[in-house]
Amino acid sequence: MNLTFLAAFGRLRHISIEAALVAGLTLSAVTAAYAAADDLAPQRVEANPRVVAATAAVPVDPPPPPLLEVGEPVPGYPINSPFGLRRMPWEKHGRLHEGVDIAAPVGVPVVSVADGVITQTGNSPSYGRFVEVKHAEGLVSFYAHLGRIDPRAKPGVAVLGGRTIGKIGSSGTSTGPHVHFEIRQDDRPLNPVAFIGRDFATAQDLPLQTAARYSRRVRVAQVSFIPQSKRKLMEVPVEASKLAKGERPRATLKFAPRTADEAAVDVSATVTSDIAVSGPPAIPTVG
């Protein structure tokens, strides 16, 4: 009986050992499989908080602003008398029109074309009410024949591009409501068309040589109104010697005073034709 029990116990023990061995081998196989899968899977790298913080703290420098951004002196209104040699009806020879004329209704705002500092304002017999603004690289913009100067536009005051400095008018020796607009550097007149509506990143980008050129042709201007101070220049004197010979006198131009309605519809000088240069251009005194 005891032998039979011992034999049976021995067989159970042997079976238990084999079962334990099988279970161990199975567990080892599963563990190895998971380990292989981990080796094939992409490794997850934990971010270092210090590195992340240092990277986020590094600033990105924005691009530098342009040296000069030039807008329009009277936004939305075109140039109707360009830069170059021009002869007015009361002039015998052509002269350099040192800026451009932009016609617009009375009261339309005139703005600074770029950031700058107002250097002077005033009222002259030829240019009428005017404002001068100095910009980067010694460039100066000039606005003349204004009907009104903005009360805030005073010498020494900084002004932003697009800020109103006055209103359209017809002050001084003017042929109608408009603004005479100039750009200069070192008192040298430059063609404003080369600057208007453009941005310049550096001083090397400024079109100084191109803007200083102009055609050697003279444009003949027609105007709807002759300023009072220029009317006598257009009158043709009667020659007594010819009258004595029975010749008919040459007509003398006469001008009636303008009414308020006529003044409201006057426009600035417009180009109609070209003639050859006749003598050196005189120093300009009229916009």
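Residues numbered from 1 in each chain as written. Predicted model: local features only at pLDDT ≥ 70, side-chain atom pairs only at ≥ 80, totals over all residues. Heavy atoms only, no water.

Engineer: Can you walk me through the overall build of the protein chain in this structure?
Structural biologist: For the protein chain, the count of helices and strands is six helices and 15 strands. Of the contacts made within the protein chain by residues no fewer than 6 positions apart, 68% connect residues no fewer than 24 positions apart. Of the roughly 17,800 Å² that the protein chain leaves accessible, carbon and sulfur atoms contribute 60%. (Helix = DSSP H or I, 4+ residues; strand = E, 2+ residues; numbered from the N terminus. Contact = heavy atoms within 4.5 Å. Areas by Shrake-Rupley, 256 points an atom, 1.4 Å probe, with all protein chains shown as cover.)

Engineer: Help me out: how do you make sense of the layout of surface pockets in this one?
Structural biologist: Using a probe with the size of a water molecule, rolled over the atoms, empty space left in the structure can be pinpointed. Of the pockets and cavities examined, the largest pocket occupies roughly 180 Å³. Y127, E132, G138, V140, F142, E182, R184, Q185, D186 and D187 are the residues that line the largest pocket. Every element with two or more residues in the lining of the largest pocket is listed here: β8 (139–149) and β11 (178–185). Looking at the lining of the largest pocket residue by residue, the class counts come to three nonpolar, two polar and five charged. (1 Å grid on protein atoms, 1.4 Å probe; cavity = no way out; pocket = protein on both sides within 12 Å on 5 of 7 lines; lining within 4 Å. Points joined across faces, edges and corners; volume = space filled by probe spheres on them. Nonpolar A, V, L, I, M, F, W, Y, C, P; charged D, E, K, R; others polar.)

Engineer: Mind showing me how you'd approach empty space enclosed by the protein here?
Structural biologist: Within the structure shown, the criterion is met by two cavities of 30 Å³ or more. Lining the largest cavity are L68, V70, V113, A114, H135, L139 and I183.

Engineer: Explain the pattern of salt bridges to me, please; I cannot follow it from the model alone.
Structural biologist: Between side chains of opposite charge, a pair can form when the charged atoms approach closely. Applying the stated criterion across every chain, the model contains six salt bridges. Here R184 and E98 are joined by a salt bridge, their closest N and O atoms 2.0 Å apart. Of this pair, R184 sits in strand β11 while E98 sits in the loop between β3 (95–97) and β4 (100–103), and the two are 86 residues apart along the sequence. According to the relative accessible area criterion, E98 is buried, its value standing at 12%. With a shortest N-O distance of 3.0 Å, D150 and R152 are connected by a salt bridge. Residue classification places D150 among the buried residues on the basis of a relative accessible area of 10%. Note on R152: relative accessible area 54%, which makes it exposed. Each of E98, E182, R184 and D187 takes part in one network of salt bridges that share partners. (Salt bridge = Lys/Arg side-chain N within 4 Å of Asp/Glu carboxyl O. Buried < 20%, exposed > 50% of the residue type's maximum accessible area, 1.4 Å probe, protein only.)

Engineer: What exactly am I supposed to notice about the side chain of Q185 here?
Structural biologist: Tracing the backbone through its elements, the reader meets Q185 in strand β11. If we skip the residues at most four places from it in the chain, Q185 touches E137, G138, L139, L190 and L208.

Engineer: Hey, could you run me through the nonpolar core in this one?
Structural biologist: Burial of nonpolar side chains together is a common tendency in soluble globular proteins. With 34 residues, the main nonpolar core has V74, L139, Y143, V179 and F195 as its most contacted residues. Elements with a minimum of two residues in this core: β4, β7 (128–134), β8, β10 (164–168), β11 and α3 (208–212). The residues contacting V74, other than those within four sequence positions of it, are I102, A104, V108, P109, V110, I168 and V179. Ranked by size, the runner-up nonpolar core spans five residues in total, among them M88, A221, I226 and M234. (Core = buried A, V, L, I, M, F, W, Y, C linked by side-chain atoms within 4.5 Å.)

Engineer: Even after reading the chapter, I still don't get the environment of V106, so can you show me in this structure?
Structural biologist: On the secondary structure map, V106 appears in the loop between β4 and β5 (109–111). For the pair V106 and P177, spaced 71 residues apart in sequence, the C-alpha to C-alpha distance is 5.9 Å. Setting aside residues no more than four positions away along its own chain, V106 makes contact with I168 and P177.

Engineer: Looking at this model, I keep getting lost on the packing of aromatic side chains. Mind explaining?
Structural biologist: Counting across every chain of the model gives five aromatic pairs. A ring pair is formed by Y143 and F181, whose centres lie 5.3 Å apart and whose planes are at 40°; its orientation type is tilted. Here F181 lies in strand β11 and Y143 lies in strand β8, a separation of 38 residues in the sequence. Owing to a relative accessible area of 0%, F181 belongs among the buried residues under this scheme. Among the aromatic side chains, those forming a connected cluster through ring pairs are Y127, F130 and F142. (Phe/Tyr/Trp six-rings, centres within 6.5 Å; stacked < 30°, edge-to-face > 60°.)

Engineer: Help me out: how do you make sense of the side chain of R231 in this one?
Structural biologist: By secondary structure assignment, the location of R231 is in helix α4 (residues 228–231). Side-chain polar atoms of R231 contact the side chain of Q228, separated by 3.2 Å. (Polar contact = N/O pair within 3.5 Å; in protein donor to acceptor, adjacent residues only side chain to side chain.)

Engineer: Is there a simple way to explain the environment of I118 in this structure?
Structural biologist: With respect to the helices and strands, I118 occurs in strand β6 (residues 116–124). I118 gets classed as buried once you look at its relative accessible area, which sits at 3%. Spatially, the C-alpha atoms of I118 and V159 are 7.0 Å apart, while their sequence positions differ by 41 residues. Discounting residues that sit within four places of it in the chain, I118 has contacts with V131, E132, V133, A153, K154, P155, G156, V157 and V159.

Engineer: Is there a simple way to think about the confidence of the model for the protein chain in this case?
Structural biologist: The share of residues in the protein chain with pLDDT of 70 or more is 62%, and the mean pLDDT across the chain is 76. Every residue in residues 5–9 is under pLDDT 50, and counting partners more than four places away or in other chains gives zero contacts. This stretch, residues 240–286, has a pLDDT under 50; its non-local contacts, to residues over four places away or in other chains, come to 87 contacts. (pLDDT = per-residue confidence, 0-100.)

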